[in-house]
Amino acid sequence: MPTYKLTYFNVAGLGESLRYMLHHCGIKFEDVRVEFDDWPKLKPNMPMGQMPILEIDGKIYHQSRAIGRYIAKKGNLYGSDELEAMEIDATIDSMDDIRQALSTYYWEQDPAFKAKLKETAFEKLPFYLDKFEAQVKKNGGYFVGGKLSWADFLWAGYCDYLSFVLAGDPNKDHPELKKLREKVRALPNVKAYLEKRPKTQL
């Protein structure tokens, strides 16, 4: 049996959907959470100076989407064929587009530039949410193929972070997205994880 170790900040962010999937798939792993104060000394040892990383039998793999794709394939969460896999990838890329737009605005320090970034991000947000809502409704309560996939885990995992950035539930006006998030969080292994996970700000 391989040994797995996921290393990421002690926040939801890019790591939470990976934690969700690992738990859901029954893959035992060490959940290493790095405090922000400790990051500068660890950063030089990271492949691209970033986290998350996944260690498998001591070998380090990086990039959250590559890691997510690997776990999804192991857990049968990457569609039934190449076309479904492409739909899942496209959905995930779209989620990252809006997450990055909101993140860039939120963490910007210059007030004038921050205001411009906020305007752009908040113009995009309802468009993306409406598109996601329609997609989930069309696909029987899931993003792709009428069944659970990596895309559903990613959205559920991102919701904690987006709630922090938006100071409110991103799904509040989108019932299909809200139901999907709760569906993922109610999966037995995910629910068990949520009940014991550390409480974090974002």
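Residues numbered from 1 in each chain as written. Predicted model: local features only at pLDDT ≥ 70, side-chain atom pairs only at ≥ 80, totals over all residues. Heavy atoms only, no water.

**Here's the deal with the UniProt feature "domain: GST C-terminal" (unreviewed entry) in the protein chain**
Here's step 1: Here, the residues flagged by UniProt with the feature "domain: GST C-terminal" (unreviewed entry) are residues 81-202.
Here's step 2: For residues 81-202, the end-to-end C-alpha separation is 35 Å, with 75% helix and 0% strand making up the annotated structure. (UniProt positions renumbered as here; feature names shortened; annotations may be inferred. Helix = DSSP H or I, 4+ residues; strand = E, 2+ residues; numbered from the N terminus.)

**Brief notes about empty space enclosed by the protein**
If you roll a probe as big as a water molecule over the atoms, it shows you where there is empty space left.
Here's step 1: The final tally for this structure, using the stated rule, is one cavity of 30 Å³ or more.
Here's step 2: Both domain 1 (4-76 + 189-196) and domain 2 (82-186) contribute no fewer than three residues apiece to the lining of the largest cavity. (1 Å grid on protein atoms, 1.4 Å probe; cavity = no way out; pocket = protein on both sides within 12 Å on 5 of 7 lines; lining within 4 Å. Points joined across faces, edges and corners; volume = space filled by probe spheres on them. Domains from an automatic or database assignment.)

**What to know about the UniProt feature "domain: GST N-terminal" (unreviewed entry) in the protein chain**
Here's step 1: Mapped onto the present numbering, the UniProt feature "domain: GST N-terminal" (unreviewed entry) falls on residues 2-79.
Here's step 2: Secondary structure within residues 2-79 divides into 31% helix and 24% strand; the distance between the first and last C-alpha atoms comes to 24 Å.

**Observations concerning the domain arrangement of the protein chain**
Frequently, the measure chosen for interface size is the accessible area that the parts lose on association.
Here's step 1: Domains assigned within the protein chain are domain 1 (4-76 + 189-196) and domain 2 (82-186).
Here's step 2: One C-alpha centre belongs to domain 1, the other to domain 2; they are set 20 Å apart.
Here's step 3: Between domain 1 and domain 2, the residue contacts involve 15 residues of the former and 17 residues of the latter.
Here's step 4: Note on domain 1 versus domain 2: buried area summed over both sides is about 1,400 Å², and carbon and sulfur give 65% of it.
Here's step 5: Among the residues domain 1 hides against domain 2, the three largest losses belong to Ser17, Tyr20 and Arg65. Together they make up 36% of the total.
Here's step 6: Taken together, the connections running from domain 1 to domain 2 amount to three salt bridges.
Here's step 7: Salt-bridge contacts for aspartate 96 lead to arginine 65; the nearest nitrogen and oxygen are separated by 3.2 Å.
Here's step 8: In this structure, the connection of domain 1 to domain 2 is made through two residue pairs in polar contact (both at pLDDT 80 or more).
Here's step 9: For the side of domain 1 that touches domain 2, the secondary structure elements donating two or more residues are helix H1 (16-24), helix H3 (64-74) and helix H8 (188-196).
Here's step 10: Ranked by residues supplied to the side of domain 1 that touches domain 2, first place goes to H1 with five residues.
Here's step 11: Residues that form the side of domain 1 that touches domain 2 fall into these classes: seven nonpolar, four polar and four charged. (Contact = heavy atoms within 4.5 Å. Buried area = accessible area lost by both parts, 1.4 Å probe. Salt bridge = Lys/Arg side-chain N within 4 Å of Asp/Glu carboxyl O. Polar contact = N/O pair within 3.5 Å; in protein donor to acceptor, adjacent residues only side chain to side chain. Nonpolar A, V, L, I, M, F, W, Y, C, P; charged D, E, K, R; others polar.)

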